[in-house]
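Topology and contacts: notes
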Amino acid sequence: MRPTTPDPLLTAEGVTVRFGGLTALNDVGLSVAPGSVVGLIGPNGAGKTTLFNVVSGVLRPQSGSVSWKGRRLRRHRPHHLADLGIARTLQGLNLFPGLSALDNVMVGADRLCRGGAFAMLTGLGRYHSDERRLRERAMAALAEFGAAHAARAMPGTLPFGVQKRVALARAVVAEPELLLLDEPAGGLSGEDMAALAAAVKSFGSRMGVLLVEHHMDLVMDVCDHIVVLDFGEVIAAGPPERIRSDPAVAEAYLGEPEEAGTDG
Ligand SMILES: Nc1ncnc2c1ncn2[C@@H]1O[C@H](COP(=O)(O)OP(=O)(O)OP(=O)(O)O)[C@@H](O)[C@H]1O
């Protein structure tokens, strides 16, 4: 269901993470409102994955907090995300190699099914009435990403770009309120990249999205708001047009300030 409140879905505040003597994140914050696409960018080692892991419940920060709809998450773990209404895709595809593309997507519908999609897929429990409904829904999700033709195929037999579409379909089939995307463009090009951009834009009208991504063109194209990390600190935050012209961002990426106006 579409959220009706403009309050943030997800808020991270004052997040600090240290690995031994290295400060990977220092007092970092961001928030994602319903219906907005927030990009998290920064050079290699800036702390993007670390923040993604804190938000996902993989890592506990030394200080700071993560809140969901205004309520602080104290002990959340990745397997709690679906119940909260949060889905994520990881850098790896994480598809089950022994399940067809369609069945992989149905696993993503787990939270819609009382007995769990696994119980349904394995025939354990009495969930046959749910099964047809979820199968139709999973097919519709595959079709939305142009992967309906792959429904019966095993993931390993599919081209990488199609596998990525299946992973995206699995993430959104349960209609999460927030989608966490960790470098979804990795390994994509051309048509697959354009399809991904279109998909993320369409998600933005249905759910909040946090997009961690290296691919700058994609981020500038699809995000409403961008947070830039460098050496574990937020160095800029704002709409794409502001980030694009921010000298601190150019400096972080290029290693030195862009010399505006120099002509030789
Ligand atoms: N488990 C860990 N143990 C020690 N140091 C770590 C660990 N995870 C990350 N780091 C360090 O923390 C810093 C931030 O890493 P992180 O992976 O979050 O950056 P990133 O912005 O995601 O980089 P990339 O774009 O290369 O994926 C880096 O210096 C990295 O080497």
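Reading the values: the criteria
All residue numbers here refer to positions counted from 1 along the written sequence of the relevant chain. In keeping with the predicted nature of the model, local features appear solely for residues at pLDDT of at least 70, side-chain atom pairs appear and are counted solely at 80 or more, and the whole-chain, interface and lining totals rest on all residues. In this entry, near means the residue's backbone-placed C-beta atom lies within 6 Å of the molecule or strand. In this text, helices come from DSSP runs of H or I with a minimum length of four residues, and strands from runs of E with a minimum of two, each type numbered from the N-terminal end. Our exposure labels follow a C-beta count within 10 Å of each residue's own C-beta, placed from the backbone: buried means 20 or more other C-beta atoms, exposed means 12 or fewer, and partly exposed covers the counts in between. At least two DSSP bridges between two strands are required for those strands to pair. Note that domain bounds follow an automatic or database assignment of domains. Note on residue classes: Ala, Val, Leu, Ile, Met, Phe, Trp, Tyr, Cys and Pro are nonpolar, Asp, Glu, Lys and Arg are charged, and everything else, Gly too, is polar. Fitted lines through C-alpha atoms serve as axes, helices being fitted only where they are in contact, and the angles separating the N-to-C directions of these axes extend from 0 to 180 degrees. Residue pairs qualify as contacts under a 7 Å threshold applied to their C-beta atoms, which are placed from the backbone. pLDDT expresses how confident the predictor is about each individual residue, on a scale running from 0 to 100. Here the angle decides the label: under 35 degrees means roughly parallel, over 145 means roughly antiparallel, 65 to 115 means roughly perpendicular, and every other value means oblique. The sense of a crossing depends on the near helix, which, turned anticlockwise from the far helix by less than a right angle, makes the crossing left-handed and, turned clockwise, makes it right-handed. Put simply, a nonpolar core is buried Ala, Val, Leu, Ile, Met, Phe, Trp, Tyr and Cys residues tied into one set by C-beta atoms within 7 Å.

- An unreviewed UniProt entry lists the protein under the name ABC transporter ATP-binding protein, from Streptomonospora halophila.

A word on the site of the ligand
- As a structural note, the neighbourhood of the ligand is formed by F19, L22, A24, G42, N44, G45, A46, G47, K48, T49 and T50.
- For the shell around the ligand, the secondary structure elements donating two or more residues are β2 (22-32) and α1 (48-56).
- When residues in the shell around the ligand are grouped by element, the largest group, three residues, is from α1.

Regarding the environment of H76
- Here H76 is to be found in the loop between β5 (71-73) and α2 (81-84).
- On the neighbour-count criterion, H76 (19 C-beta atoms within 10 Å) is partly exposed.
- Each C-alpha atom, one on H76 and one on V55, is 9.0 Å from the other, the two residues being 21 residues apart in sequence.

A short note on the pairing of β2
- Of the strand pairs in this sheet, strand β1 (residues 10-19) and β2 are connected by seven bridges, and their pairing is antiparallel. Residue T11 lies in a different strand from β2, and its bridge partner there is S31.
- Once β1 ends, the chain turns through two residues before running back antiparallel as β2, passing G20 with a positive phi of about 60°.

Considering unusual backbone geometry
- Within the chain, D27 stands out as a residue other than glycine whose phi angle is a positive 55°.
- Of the residues examined, D27 has 14 C-beta atoms within 10 Å and is grouped as partly exposed.
- Of note in the backbone geometry, F231 takes a positive phi value of approximately 45° without being a glycine.
- For F231, a count of 16 C-beta atoms within 10 Å corresponds to the partly exposed category.

Overview of the domain arrangement of the protein
- Split by domain assignment, the protein resolves into domain 1 (7-85 + 176-259) and domain 2 (96-170).
- Those elements that place two or more of their residues in the side of domain 1 that touches domain 2 are α2 and α7 (190-204).
- It is α7 that contributes the most residues to the side of domain 1 that touches domain 2, three residues altogether.
- Residue classes in the side of domain 1 that touches domain 2 are distributed as five nonpolar, one polar and two charged.

Digging into the sheet that holds β2
- Pairing in this open sheet of four strands is antiparallel, and the strands run β2-β1-β4-β5 from one edge to the other. The open sheet terminates on both sides in strands that have one partner only, identified here as β2 and β5. On average, each strand axis in the sheet is tilted by 30° relative to the strand beside it, whichever way the strands run.
- As paired elements, strand β4 (residues 63-68) and β5 share three bridges and run antiparallel to each other. Looking across to β5, one finds that W68 is bridged to R71.
- Lying on the sheet, α1 is in contact with β1, β2 and β4; it crosses β1 at an angle near 120°.

Quick notes on the confidence of the model for the protein
- Considering every residue of the protein, the mean pLDDT works out to 87; 87% of them sit at 70 or more.
- Within the model, the stretch residues 1-5 combines pLDDT values under 50 with four contacts to residues more than four positions away or in other chains.
- Considering only residues more than four positions removed or in separate chains, one finds that residues 256-264, a stretch of pLDDT under 50, has six contacts.
- Reported confidences for the modelled complex are a pTM of 0.87 and an ipTM of 0.97.

Remarks on the packing of helix α3 (residues 101-108) against helix α6 (residues 160-172)
- Orientation of α3 relative to α6, taken along the N-to-C sense of each, is 30°, at an axis distance of 7 Å. The angle between α3 and α6 falls in the class roughly parallel. Remark: the crossing between α3 and α6 carries right-handed chirality. Every residue of α6 that contacts α3 at A101, N104, V105, V107 and G108 is listed here: V166, A169, R170 and A171.
- Residue classes in the contact of α3 with α6 are distributed as six nonpolar, two polar and one charged.

Observations regarding the nonpolar core
- Among the nonpolar cores identified, the biggest contains 73 residues, and L142 and L211 are the most heavily contacted of them.
- Take this core: its biggest share by element is seven residues, from α6.
- Looking at which domains feed residues into this core, each of domain 1 (7-85 + 176-259) and domain 2 (96-170) gives three or more.
- In this view, L211 contacts V37, V38, G39, L40, L181, V200, V219 and C223; residues no more than four positions away in its chain are not counted.

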